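Geometric and topological summary
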Amino acid sequence: MGTYYHNIDAKGRLNFPTKLREILGVSFYVTKGLDQPCLTVYSEEEWERLSAKVAAIPEAKGGQIKRWLFSGAGILIPDKQGRVLIPQDLRMFAGLEKDVVVIGANNKAEIWDKTKWDVLNAAFDTKQMLETLEELGF
């Protein structure tokens, strides 16, 4: 949970939020966002769960998904200052240059370019969200 505003330094390092590091563990996995131009960060447990689901897709249907998802994935291990090095190809995919937003998103975290995050939130459809919550019984 939470929204955290940070910067990526010239070397591609990000000071990853302490609260999220405590939840995700001593190392965690990062890959391309599945449905948005952001990066998705998983704990080891969640990464294994996702990997198993993707591995179960027959090759004819899932081959491209496997290549796309796993080719850009990496393990993030925070240094003593809590910084993680975001691989350059993933920074390019998500358009991460300087100002970023790290959010908690239920069982994962996401890393967004701040401008893209602001645009996404400005276009947020509250009516659709309320309809979806109503369908779920809220």
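Structure report, in brief. What you see is a predicted model; the values in this text were computed from it and never measured.

**Remarks on a nonpolar patch on the surface**
The grouping of F124, M129, L130, L133, L136 and F138 at the surface amounts to a nonpolar patch, some 640 Å² of accessible area in total. Along the chain, the position of L136 falls in the segment after helix 6 (126-135).

**Looking at the pattern of salt bridges**
Scanning the entire structure with this criterion turns up six salt bridges. Between E46 and R49 there is a salt bridge, with the nearest N and O atoms lying 3.4 Å from each other. One end of the pair, E46, and the other, R49, are both in helix 2 (residues 44-55), three residues apart, so they sit about a helical turn from each other. Judged by relative accessible area, R49 falls into the partly exposed class, the value being 38%. Between K114 and D118 there is a salt bridge, with its nearest N and O atoms 2.7 Å apart. With K114 and D118 both in helix 5 (residues 114-122) and four residues apart, this pair spans about one turn of that helix. For K114, a relative accessible area of 29% corresponds to the partly exposed category. On the accessibility criterion, D118 (35% relative accessible area) is partly exposed. Ionic contacts of the salt-bridge type, sharing partners, join the residues E45, E46 and R49 into one network.

**Structural notes on the nonpolar core**
Generally speaking, nonpolar side chains in soluble globular proteins are found buried as a group. In terms of nonpolar packing, the biggest core is built from 20 residues, with L14, F16, L39, V41, I86 and I111 touching the most fellow members. Counting residues per element, the ones that place at least two in this core are helix 1 (18-24), strand 3 (28-32), strand 4 (39-42), helix 4 (88-94), strand 7 (99-105) and strand 8 (108-113).

What counts as what
- Residues numbered from 1 in each chain as written.
- Predicted model: local features only at pLDDT ≥ 70, side-chain atom pairs only at ≥ 80, totals over all residues.
- Heavy atoms only, no water.
- Patch = residues over 30% accessible without salt bridge, like charges linked within 9 Å, V, L, I, M, F, W, Y side chains within 5 Å.
- Areas by Shrake-Rupley, 256 points an atom, 1.4 Å probe, with all protein chains shown as cover.
- Salt bridge = Lys/Arg side-chain N within 4 Å of Asp/Glu carboxyl O.
- Helix = DSSP H or I, 4+ residues; strand = E, 2+ residues; numbered from the N terminus.
- Buried < 20%, exposed > 50% of the residue type's maximum accessible area, 1.4 Å probe, protein only.
- Core = buried A, V, L, I, M, F, W, Y, C linked by side-chain atoms within 4.5 Å.

Interpretation in functional terms is not warranted from these geometric data alone.
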